[in-house]
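Take a look at the letters that make up each chain.
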Amino acid sequence: MPDDDIEIGEDIEVEVVLDENDNVIGTVTDDLVVASAPEGSLVDETIDVRDADGNLIVEDETVTVYDADSHVVAKSETITLPLDSE
């Protein structure tokens, strides 16, 4: 009978970006989610860049699937730029 245990972990890091006068000009958030099982694992990393007002400037999401031997079997990357609302 196969082992059906799935482990899921998440790590979030937020970095504040400052100008030369130490004023906040934005943030970069790196959100990493890993789901693993004996058959392989899935890694979903999303990086959001926001301005000082919290508006999204760019989002980069990479999803990678690994087999049981840690070989990449699939990978996709999506870069999202918000449409100008004006």
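Residues numbered from 1 in each chain as written. Predicted model: local features only at pLDDT ≥ 70, side-chain atom pairs only at ≥ 80, totals over all residues. Heavy atoms only, no water.

## Here we look at the sheet that holds strand 2 (residues 24-37)
Read from one edge of the open sheet, five strands run 1-2-3-4-5, paired in antiparallel fashion. Each of the sheet's edge strands pairs with one partner strand only, and the pair in question is strand 1 (7-18) and strand 5 (72-80). On average, each strand axis in the sheet is tilted by 10° relative to the strand beside it, whichever way the strands run. (Pairing = 2+ DSSP bridges. Helix = DSSP H or I, 4+ residues; strand = E, 2+ residues; numbered from the N terminus. Axes fitted to C-alpha atoms, helices over the stretch in contact; angles between N-to-C directions.)

## As for unusual backbone geometry
Positive phi, normally seen in glycine, also occurs at aspartate 22, with a value near 65°. Here aspartate 22 lies in the loop between strand 1 and strand 2. Judged by its relative accessible area of 58%, aspartate 22 is exposed. Phi angles above zero are rare outside glycine, and serine 70 is one such case at about 65°. Tracing the backbone through its elements, the reader meets serine 70 in the loop between strand 4 (56-67) and strand 5. Using a relative accessible area of 57% as the deciding quantity, one classes serine 70 as exposed. (Buried < 20%, exposed > 50% of the residue type's maximum accessible area, 1.4 Å probe, protein only.)

## Let's talk about the pairing of strand 3 (residues 40-51)
Pairing between strand 2 and strand 3: twelve bridges, direction antiparallel. Counterpart to valine 33 in the pairing with strand 3 is aspartate 44. In textbook terms, the turn of a hairpin is the stretch between consecutive antiparallel strands, and for strand 2 and strand 3 this stretch comprises two residues. The sheet contact formed by strand 3 and strand 4 spans eleven bridges and is antiparallel. When the bridges of strand 4 are listed, aspartate 48 appears paired with glutamate 59. Between the antiparallel neighbours strand 3 and strand 4 lie four residues, among them glycine 54 with a positive phi of about 90°.

## What about a negative patch on the surface?
Judged by side-chain charge, Asp4, Asp5, Glu7 and Glu39 come together as a negatively charged surface patch. Along the chain, glutamate 39 turns up in the loop between strand 2 and strand 3. Here glutamate 39 falls in the partly exposed class, since its relative accessible area comes to 48%. (Patch = residues over 30% accessible without salt bridge, like charges linked within 9 Å, V, L, I, M, F, W, Y side chains within 5 Å. Areas by Shrake-Rupley, 256 points an atom, 1.4 Å probe, with all protein chains shown as cover. Salt bridge = Lys/Arg side-chain N within 4 Å of Asp/Glu carboxyl O. Lys, Arg positive; Asp, Glu negative; His and termini not counted. Charge placed at Lys NZ, Arg CZ, Asp CG, Glu CD.)

## Describing the side chain of threonine 64
Mapped onto the elements, threonine 64 comes out in strand 4. Once residues within four sequence positions are removed from consideration, threonine 64 is found in contact with Ser41, Leu42, Val43, Val72, Ala74 and Lys75. (Contact = heavy atoms within 4.5 Å.)

## A few points about the environment of glutamate 15
Mapped onto the elements of the fold, glutamate 15 is located in strand 1. Its relative accessible area of 52% is what places glutamate 15 among the exposed residues. Separated by 44 residues in the primary sequence, glutamate 15 and glutamate 59 place their C-alpha atoms 15 Å from one another. Filtering out sequence-adjacent residues up to four positions away, glutamate 15 remains in contact with Gly26, Thr27 and Val28.

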